[in-house]
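Structural description and commentary
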Amino acid sequence: MGVVGVIGELMITVGVLVLLFLAWQLWWTDVVADRAQAAIVHDLQWQAPPDVTVPVAEKRTDDPPVEPTPQLGSVWATLYVPRFGDDYVRPVAEGVDKETVLDKLGVGRYPETQMPGQLGNFAIAGHRTTFGKPFTHIEKLKKGDAVVVRTATTWYVYKVTSHLIVYPDQVGVLSPVPDESTSVSAAPDDLSKRFLTMTSCHPRYWALQRYVVHGELAYWAPVSSGVPEELAGVDVSLGSGS
Amino acid sequence: MYAALWRVLPGPAWLKVIELLVLAGLVVAALFTWVFPAIEPFVPGTGQTVG
């Protein structure tokens, strides 16, 4: 066996290793993360909303209750997006660190933004590919689509208003009044709206840019009052230990 | 390289095939468990956040 033969074998080996890495990244990370995130939601052991056969929760537009700021890396909410499927539910954790939150726990909240229901901007990030890809269908969201956040006690029902594609330095999308033209997070004195911002990578598999979806709070409801009508047909018993 | 591995493995041909399969399985398991997670942060293609 000559030197050329060994080089040939090494090149084939490298090729196989690259294919194996792609299989791991594009398939295995999803298998592991989907399983982990489903287990997290299941283990929340939250109280189920009453009588899920009557999917109507009281719609309230007064000042919503605001959760205390969670600890970094803790799971404190679940996310329902009917456009992503009736079985779609993901954990929402505190922080957007890739390794500890987005790769393992699912969706993460930008800690410098507001909590759900607060005046300002509740901003979350999630993978579009790999690691369970909670925002893989983010481009399917249309104006008016519901994005529902549930904490232990409260539903926050946001409606999508717009989407845009930005570069990663356009952090103005996270501002209390989102403004992609700025790269600083500036807060005006008088906030009047409750925004939602979702960010994920764009284009898929390349991620030079970010896909951003904005929404506004439509209403909130206590979990004890039922299930938001937007979630009719969605299995909301997940996470309630059933 | 692989010819040398074949010569080093003990037993008849059918046993060598089984040994190779086991070895390949161990290598893939080690790659999936330790190697790939370690190099993934340095591979471009994901990035979900702004800022």
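Residues numbered from 1 in each chain as written. Chains lettered and ligands numbered in written order. Predicted model: local features only at pLDDT ≥ 70, side-chain atom pairs only at ≥ 80, totals over all residues.

Overview of the overall build of chain A
- If you tally the helices and strands in chain A, you get two helices and eight strands.
- Seen in sequence order, chain A has helices and strands lined up from the N terminus as α-β-β-α-β-β-β-β-β-β.
- With respect to the three principal axes, the spread of C-alpha positions in chain A is 80 × 45 × 30 Å.
- Buried residues in chain A amount to 42% of all 242 residues.
- For chain A, the proportion of contacts with a sequence separation of at least 24, taken over those separated by at least 6, is 61%. (Helix = DSSP H or I, 4+ residues; strand = E, 2+ residues; numbered from the N terminus. Buried ≥ 20, exposed ≤ 12 C-beta atoms within 10 Å, placed from the backbone. Contact = placed C-beta atoms within 7 Å.)

What about the interface of chain A and chain B?
- Contact with chain A, which involves 29 residues of that partner, is made by 16 residues of chain B.
- Considering each element in turn, the side of chain A that touches chain B owes the most residues, seven residues, to helix α1 (residues 3–43) of chain A.
- Of the residues belonging to the side of chain A that touches chain B, the class tally is 18 nonpolar, eight polar and three charged. (Nonpolar A, V, L, I, M, F, W, Y, C, P; charged D, E, K, R; others polar.)

Examining the sheet that holds strand β5 (residues 146–150) of chain A
All names here are of chain A.
- As summarised here, the arrangement of the eight strands in space is β1-β2-β3-β4-β7-β8-β6-β5, forming a closed barrel in which the pairing is mixed. Recorded for the sheet is a direction-independent mean angle of 30 degrees between the axes of neighbouring strands.
- Alignment of strand β4 (residues 120–125) against strand β7 (residues 194–202), held across six bridges, turns out to be parallel. Within β7, the residue paired with I124 across the bridge is M198. (Pairing = 2+ DSSP bridges. Axes fitted to C-alpha atoms, helices over the stretch in contact; angles between N-to-C directions.)

Section: the packing of α1(A) against helix α2 (residues 13–39) of chain B
- Look at α1(A) against α2(B): their axes get within 11 Å of each other, and the N-to-C directions meet at 65 degrees. Overall, the two elements α1(A) and α2(B) adopt an arrangement that is roughly perpendicular. The two elements α1(A) and α2(B) cross, and the hand of that crossing is right-handed. Contact with α1(A), carried on its side by A:L20, A:F21, A:W24 and A:W28, involves B:V28, B:L31, B:F32 and B:F36 of α2(B) and no other residues of that element. (Parallel < 35°, antiparallel > 145°, perpendicular 65-115°, else oblique. Left-handed = near helix turned anticlockwise from the far one by under 90°.)

Digging into the environment of B:V17
- Looking at the secondary structure, you find B:V17 in helix α2.
- Measuring from C-alpha to C-alpha, the distance between B:V17 and B:P41 comes to 35 Å, with 24 residues separating the pair along the chain.

Notes on the confidence of the model for chain B
- Mean pLDDT over chain B works out to 91, with 100% of the residues at or above the 70 mark.
- Interface confidence for the predicted complex, given as ipTM, is 0.90, next to a pTM of 0.88. (pLDDT = per-residue confidence, 0-100.)

Focus: the pairing of strand β6 (residues 154–166) of chain A
Residues and elements named next belong to chain A.
- Summarising the sheet, β5 and β6 pair through five bridges and their orientation is antiparallel. In the strand pairing of β6, R150 is matched with W155.
- In this antiparallel pair of consecutive strands, β5 and β6, the connection spans three residues.
- Sheet topology note: the β6/strand β8 (residues 209–222) ladder contains 12 bridges and is antiparallel. Bridge pairing links V166 to R210 in β8.

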